[in-house]
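Here is what each chain is made of, one letter per residue.
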Amino acid sequence: MLEINGAGYGGAPGVRRWERKLTALARQIDDPEALGQVLDLVDHLNRQIGTAVRDLYAEGHSTADLGAALGISRQAVAKRWPRSERER
């Protein structure tokens, strides 16, 4: 399980490695075009996170489960990642 708060990243292989790579990438931003490219990556990552959240909902995880893992309230989870179009 990926541990988002506290001591580390639990069992998610490669997360720390990607964190280091993204930090190095951010340090290379030296012009507006590079900044735009990094923001494109952020958008892509956010879409993938949304897909992961939908998958976790489909597996039966609740907003409370996700909130506890993320260190935010279940209401914040529901607002950012609603379960359905009706909740948007």
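Chemist: Outline the environment of Arg83, listing residues and values.
Modeler: Inspection of the secondary structure assignment puts Arg83 in the segment after helix 4 (74-80). Among the residues examined, Arg83 registers a relative accessible area of 40% and is labelled partly exposed. Counting along the chain gives 29 residues from Arg83 to Arg54, while the straight-line C-alpha distance between them is 7.1 Å. If sequence neighbours within four positions are ignored, Arg83 has contacts with Tyr57, His61, Ser62 and Thr63. Here the side chain of Arg83 touches His61 through a polar contact of 2.8 Å, landing on its backbone oxygen.

Chemist: Can you explain a nonpolar patch on the surface? Please cite residues and give values.
Modeler: Together, Trp18, Leu22, Leu45 and Ile49 give the surface a local cluster of nonpolar side chains, amounting to about 380 Å² of exposed area. Its place among the elements puts Leu22 in helix 1 (residues 15-27).

Chemist: Report on the nonpolar core, specifying residues and quantitative values.
Modeler: Counting residues in each nonpolar core, the largest one holds five residues, listed as Val53, Tyr57, Leu66, Val77 and Trp81. In this view, Tyr57 contacts Ser62, Thr63, Leu66, Val77, Trp81, Pro82 and Arg83; residues no more than four positions away in its chain are not counted.

Chemist: Can you lay out the layout of surface pockets for me, pointing to particular residues and giving the numbers?
Modeler: Quantified by volume, the second largest pocket comes out at close to 250 Å³. Lining the second largest pocket are Trp18, Leu22, Leu25, Ala26, Val38, Leu41, Val42, His44, Leu45 and Gln48. Of all the secondary structure elements, the ones that give two or more residues to the lining of the second largest pocket are helix 1 and helix 2 (32-58). No other element matches the six residues that helix 2 contributes to the lining of the second largest pocket. Looking at side-chain class alone, the lining of the second largest pocket contains eight nonpolar, two polar and no charged residues.

Chemist: Give me the lowdown on helix 2, citing residues and values where you can.
Modeler: The end-to-end C-alpha distance of helix 2, which contains 27 residues, comes to 39 Å, matching closely the 39 Å that a straight helix rising 1.5 Å per residue would cover. Among the residues making up helix 2, those that are buried are Ala34, Val38, Gly50, Val53 and Tyr57. A side-chain oxygen of the first residue of helix 2 lies 2.9 Å from the backbone nitrogen of Glu33; this N-cap is Asp31.

Chemist: So, the packing of aromatic side chains: which residues are in play, and what are the values?
Modeler: Inspection of the entire model under this criterion finds zero aromatic pairs. A cation over a ring is seen here: Lys21 above Trp18, with NZ or CZ 5.0 Å from the ring centre.

Thresholds, definitions, all that
- Residues numbered from 1 in each chain as written.
- Predicted model: local features only at pLDDT ≥ 70, side-chain atom pairs only at ≥ 80, totals over all residues.
- Heavy atoms only, no water.
- Helix = DSSP H or I, 4+ residues; strand = E, 2+ residues; numbered from the N terminus.
- Buried < 20%, exposed > 50% of the residue type's maximum accessible area, 1.4 Å probe, protein only.
- Contact = heavy atoms within 4.5 Å.
- Polar contact = N/O pair within 3.5 Å; in protein donor to acceptor, adjacent residues only side chain to side chain.
- Patch = residues over 30% accessible without salt bridge, like charges linked within 9 Å, V, L, I, M, F, W, Y side chains within 5 Å.
- Areas by Shrake-Rupley, 256 points an atom, 1.4 Å probe, with all protein chains shown as cover.
- Salt bridge = Lys/Arg side-chain N within 4 Å of Asp/Glu carboxyl O.
- Core = buried A, V, L, I, M, F, W, Y, C linked by side-chain atoms within 4.5 Å.
- 1 Å grid on protein atoms, 1.4 Å probe; cavity = no way out; pocket = protein on both sides within 12 Å on 5 of 7 lines; lining within 4 Å.
- Points joined across faces, edges and corners; volume = space filled by probe spheres on them.
- Nonpolar A, V, L, I, M, F, W, Y, C, P; charged D, E, K, R; others polar.
- Expected span 1.5 Å × (residues − 1).
- Phe/Tyr/Trp six-rings, centres within 6.5 Å; stacked < 30°, edge-to-face > 60°.
- Lys NZ or Arg CZ within 6 Å of the ring centre and 35° of its normal.

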